[in-house]
Amino acid sequence: MKRIVVLVSGNGSNLQAILDACQQGRINGSIAAVFSNKADAYGLERARDASIPAHALSAAQFADRAAFDRQLMLEIDAYAPDLVVLAGYMRILSPDFVQHYAGRMLNIHPSLLPKYPGLHTHRQAIDNGDDEHGTSVHFVTEELDGGPVILQAKVPVFSDDREEDVSARVQHQEHAIYPLVVGWFMDGRLAMRDGAAWLDGQQLPVEGHAFE
C-alpha cells in the first residue's frame, strides 16, 4: 500500500479529511506519519488518536532553516513516502527540501491561485470586494504558492461576510477536494511534468481541473 506523510502546523482538519478518506477506501494508501513544527499542534493529537506516528521538530533546535529541513527530510524519508502532503504547514520550505520531493509534494492554499498567495487570503477577498473566493490544491515548487494548480473550488463571498464566514465556506470545500486530489495521485492518475500538472495523461489548464 502506498504511503503518505502529512505535515501540519495547527488544527489539522485537512489531515482529518485525508485520514477519513484513507479509512473509507477513497484513497488507495495510508498515512504513515504526521510531522509538525509545533509540539502543541492539534493535528498531532489527531494522528495519535488514529495510532499514526506523530513527530514534532522545533526550529529552535537548529541553526537555520536548511538544518531544520535536512533533519525533517531524514525523518520523513525513514517512512519512505510516495507522497508528502502539506496540510496547514506554515513554514517556508528550503529549496533543497522542495527539490527533494519535487513532483510528489502537494499543498492546499485558501485562494483561487494565482490570486492571493501568502497569508490573510479571506481578509483580502473581503477588503477587495470580491464576489467569489476559494481554494487551490497545487504541486509544491520553490515559488511560494506558485506550483502548478491541480484543482480549485469556488465559494461565494457576500457583502456582510466576516472572515470566519468565508473561512468556513472555503474549509468545507478543502475537505472535499484535498482527499480527491490525493486519491488521484495514489492511483497514478496525477503527475507533474514540464512544470505543469497532468491528469489522466492530459495537461491541466493554469487554473487546474475545475470543480464546482
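What comes next is a walk through the structure. Quick caveat: nothing in here was measured; it's all calculated off a predicted structure.

With that settled, the discussion passes to the nonpolar core. Counting 36 residues, the largest nonpolar core has Ile4, Val6, Ile31, Val34, Ile150 and Val182 as its most contacted members. Here this core takes seven residues from helix H6 (residues 163-186), the largest share from any one element. Non-local contacts of Ile4, meaning those with residues more than four positions away in its chain, are made with Cys22, Ile27, Ser30, Ile31, Ala32, Ala33, Leu83, Val85, Val182 and Met186. In this structure, Val5, Phe35, Tyr79 and Val98 belong to the second largest nonpolar core, which totals 20 residues.

Turning to the sheet that holds strand E10 (residues 202-203), a few remarks are in order. Taken in spatial order, the three strands of this open sheet run E8-E9-E10, and their pairing is antiparallel. Since the sheet does not close on itself, it has two edges, and those belong to strand E8 (190-193) and E10, each with one partner. In this structure, strand E9 (residues 196-199) lies alongside E10, joined through two bridges in antiparallel fashion. If you follow Leu199 over to E10, its bridge partner there is Gln202.

Tracing the backbone through its elements, the reader meets Asp130 in the loop between helix H5 (121-127) and strand E6 (132-139). We classify Asp130 as buried; its relative accessible area is 14%. Sequence-distant contacts of Asp130, defined by excluding residues within four places in its chain, comprise Lys115, Tyr116, Ala125 and Val157.

What the largest pocket holds in volume is close to 920 Å³. If you list the elements that add at least two residues to the lining of the largest pocket, you get helix H1 (13-23), strand E5 (105-109), H5 and H6. The element contributing the most residues to the lining of the largest pocket is H6, with four residues. Residues of the lining of the largest pocket, tallied by class, amount to 14 nonpolar, 17 polar and five charged.

Relative orientation of the contacting elements H1 and H6 amounts to 45°, with a least axis distance of 9 Å. Classified by the angle between their axes, H1 and H6 sit oblique to one another. The hand of the H1/H6 crossing is right-handed. Between H1 and H6, the residues in contact are Ser13, Asn14, Ala17, Ile18 and Ala21 and Gln171, Glu174, His175, Tyr178, Pro179 and Val182, respectively.

Another aspect to go through is the packing of aromatic side chains. The tally for this structure, following the rule as stated, stands at three aromatic pairs. Above the ring of Phe68, the side-chain terminus of Arg91 is found at 4.1 Å from the ring centroid. The side chain of Arg193 reaches across the aromatic face of Trp198, ending 4.1 Å from its centre.

Attention shifts here to the pattern of salt bridges. Taken as a whole and judged by the stated rule, the model has eight salt bridges. Salt bridges here are not isolated pairs; linked through shared partners, they connect Arg162, Glu164 and Asp165.

Quick notes on the rules
Residues numbered from 1 in each chain as written. Predicted model: local features only at pLDDT ≥ 70, side-chain atom pairs only at ≥ 80, totals over all residues. Heavy atoms only, no water. Core = buried A, V, L, I, M, F, W, Y, C linked by side-chain atoms within 4.5 Å. Buried < 20%, exposed > 50% of the residue type's maximum accessible area, 1.4 Å probe, protein only. Helix = DSSP H or I, 4+ residues; strand = E, 2+ residues; numbered from the N terminus. Contact = heavy atoms within 4.5 Å. Pairing = 2+ DSSP bridges. 1 Å grid on protein atoms, 1.4 Å probe; cavity = no way out; pocket = protein on both sides within 12 Å on 5 of 7 lines; lining within 4 Å. Points joined across faces, edges and corners; volume = space filled by probe spheres on them. Nonpolar A, V, L, I, M, F, W, Y, C, P; charged D, E, K, R; others polar. Axes fitted to C-alpha atoms, helices over the stretch in contact; angles between N-to-C directions. Parallel < 35°, antiparallel > 145°, perpendicular 65-115°, else oblique. Left-handed = near helix turned anticlockwise from the far one by under 90°. Phe/Tyr/Trp six-rings, centres within 6.5 Å; stacked < 30°, edge-to-face > 60°. Lys NZ or Arg CZ within 6 Å of the ring centre and 35° of its normal. Salt bridge = Lys/Arg side-chain N within 4 Å of Asp/Glu carboxyl O.

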